[in-house]
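If you want the building blocks of each chain, they are given just below.
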Amino acid sequence: MPIVLGGIADDFTGATDLANNLVRAGMRTVQVIGVPQDALQEGEANGLDLTEVDAVVVALKSRSCPVDQAISESLAALEWLKAQGARQLFFKYCSTFDSTPEGNIGPVADALLEALDSTQTAFVPAFPINGRSVYQGHLFVGDRLLNDSGMQHHPLNPMTDADIVRVLSRQTPHGVGLLNHATLSEGAQAAGERLATLKAQGVRHVVCDSLDERDLEVLAEALVEHALVTGGSGLAQALPAQYRRKGWLAQIDDAAVLAPAQGAAMVLSGSCSRMTLKQVAHFTQQHAAFALDPVKLNASDAHFEAALDFAREQLAAADPRPFLIYASAEPEGVKAAQASLGVKQAGELIECALASLASTLVSEGVGRLLVAGGETSGAVVSALDIRELRIGGQIDPGVPWTQAPHPASGPSRPEAMLSLTLKSGNFGGEDFFTRAFDVLDAMNPREETA
Ligand SMILES: Nc1ncnc2c1ncn2[C@@H]1O[C@H](COP(=O)(O)OP(=O)(O)O)[C@@H](O)[C@H]1O
Ligand SMILES: O=C(O)[C@@H](O)C(=O)COP(=O)(O)O
């Protein structure tokens, strides 16, 4: 069976967020890391078994890269997803519309529309359960406008304007319109008529208000026939019901089944978001933790070796408890490290160290791994050479457990799995680092490793 939805996500944590909402709405979903390259040459699904899969999300790292690169990677993903039969394409970006005047949201949406020979798409960043809503085209995080939510200080893409129509207008030469809440509250037919009117006026891009789940349901009904939709993951909760209504999708009772988890539990955190800092503080009250310092990492190998020794000590325990290695620091600490090393080098040193710790420790007994931070997750998943993630149950909104073939399993245990969760900086409750493993144990009782 061809897949129904093809997702193109501009970062790794965003991809699992999208996949999570699809799974929760009953779609069997696979996340692939990057565009499966061999497949493009051979016209095959790169060895992926997509026989019982309804949606595939391609995770890219295209949020902050140069515009041309974001376009070419997104088009390659589109081509591959179309070859798998995807009926609808979903371009997933951040629910806080992370971008700059150059892009990459507008230029990628334009390129995808053109490749699909289509003339209109909708922009739906809202994710109400995580506090992201849109009213009169203005994006709110909780009760604050986007530009007053903390996102105005983002190091890569400071969001200083909450008016998404205006923000998007800077990123595209094409017309940008609004489907407002008043129209939405009249239902899907009125919303569809507004979209059609704007289309007749040549408006390619339509920013959509949405305050709650009901608004997203109306939008999903109005947008189900569109070749391309774009947004945060909120809309993805509502689309599967429309696919079922159309007869494109069967009723699946549990789309989130993973194999039993195995191995020791480790948390690696490179996120410095407000929420991650609270999660680190909560975890360290009860669990062993090692703080990585970028300046010490730069000075000698001894600091990295100390982190490795710490982790090995934890793994040597008779019944290892979850432990944490983190670089997460308050803004003053980050600024000091950046002043001494440079912004790029400080980030890279930490990402490299965490990625390298992940590959060594996964080969030495870690089987349940929690990674906090989008860039950090990208570095860790790449170092583990993971190509495909099966999506399991949700820990907190936007963050599921996933599984990949265990990178260190070898031919003797081909069925061994690594359980992995990639947490976006701002997501998850304060007790996320501890509760995540309890949730996994409850969903997927562990098997003893041989
Ligand atoms: N103490 C620190 N000093 C400087 N940079 C840091 C520190 N800790 C983490 N970083 C870097 O900050 C960035 C955090 O980004 P990311 O992992 O995407 O988290 P988030 O999802 O919260 O944005 C990474 O590049 C990471 O290496
Ligand atoms: O839509 C969202 O908010 C998330 O899925 C997302 O993209 C998070 O990005 P990071 O905070 O950079 O991990």
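Predicted, not measured: the structure shown is a model, and the values here were computed from it.

A.B. asks: Whenever I open this one, the site of ligand 1 confuses me. Can you help?
C.D. replies: For ligand 1, the set of nearby residues contains 18 residues, the closest of which are Ser271, Glu351, Gly374, Glu375 and Thr376. The contact in question runs from an oxygen atom of ligand 1 to an N or O atom on the backbone of Gly425, over 3.3 Å. About the coverage of ligand 1: the protein hides 82% of its 580 Å² of free accessible area. Looking at the shell around ligand 1, the elements with two or more residues in it are helix 13 (331-341), helix 14 (343-362) and helix 15 (374-383). Sorting elements by how many residues they give to the shell around ligand 1 places helix 14 first, with four residues.

A.B. asks: When you look at the packing of helix 10 (residues 274-284) against helix 16 (residues 432-443) in this model, what are you seeing that I'm missing?
C.D. replies: The description of two packed helices rests on the angle between their axes and on the distance between the axes. Interhelical geometry of helix 10 versus helix 16 gives an angle of 75° and a closest axis separation of 8 Å. Between helix 10 and helix 16, the angle falls in the class roughly perpendicular. The segment helix 10 lies against helix 16, with Thr276, Gln279, Val280, His282 and Phe283 engaging Phe432, Phe433 and Thr434. Grouping the constituent residues of the contact of helix 10 with helix 16 by class yields four nonpolar, four polar and no charged.

A.B. asks: Got a minute to help me understand the environment of Asp209 in this structure?
C.D. replies: Counting through the fold element by element, Asp209 comes out in the loop between strand 10 (203-208) and helix 8 (213-223). By relative accessible area, Asp209 is classed as buried at 0%. Through-space distance from the C-alpha of Asp209 to that of Gln136 is 6.2 Å; in sequence the pair is 73 residues apart. Separated by 2.8 Å, the side chain of Asp209 and the backbone nitrogen of Gln136 make a polar contact.

A.B. asks: When you look at the domain arrangement of the protein in this model, what are you seeing that I'm missing?
C.D. replies: Reports of interface size often rely on the accessible area that becomes lost once the parts have come together. Segmenting the protein into domains produces domain 1 (5-245) and domain 2 (264-443). Once you take the C-alpha centre of each, domain 1 and domain 2 turn out to be 28 Å apart. Counting residues at the interface gives 24 residues for domain 1 and 26 residues for domain 2. Contact between domain 1 and domain 2 buries roughly 2,000 Å² in total, counting both sides, with carbon and sulfur atoms accounting for 58%. Looking only at domain 1, the three residues that lose the most surface to domain 2 are Thr13, Asn20 and Ile33, adding up to 25% of its buried area. Linking domain 1 with domain 2 are one salt bridge, by the criterion used here. Note that Lys61 is salt-bridged to Glu375, the shortest N-O span being 2.6 Å.

Conventions adopted
- Residues numbered from 1 in each chain as written.
- Chains lettered and ligands numbered in written order.
- Predicted model: local features only at pLDDT ≥ 70, side-chain atom pairs only at ≥ 80, totals over all residues.
- Heavy atoms only, no water.
- Near = heavy atom within 4 Å.
- Polar contact = N/O pair within 3.5 Å; in protein donor to acceptor, adjacent residues only side chain to side chain.
- Areas by Shrake-Rupley, 256 points an atom, 1.4 Å probe, with all protein chains shown as cover.
- Helix = DSSP H or I, 4+ residues; strand = E, 2+ residues; numbered from the N terminus.
- Axes fitted to C-alpha atoms, helices over the stretch in contact; angles between N-to-C directions.
- Parallel < 35°, antiparallel > 145°, perpendicular 65-115°, else oblique.
- Contact = heavy atoms within 4.5 Å.
- Nonpolar A, V, L, I, M, F, W, Y, C, P; charged D, E, K, R; others polar.
- Buried < 20%, exposed > 50% of the residue type's maximum accessible area, 1.4 Å probe, protein only.
- Domains from an automatic or database assignment.
- Buried area = accessible area lost by both parts, 1.4 Å probe.
- Salt bridge = Lys/Arg side-chain N within 4 Å of Asp/Glu carboxyl O.

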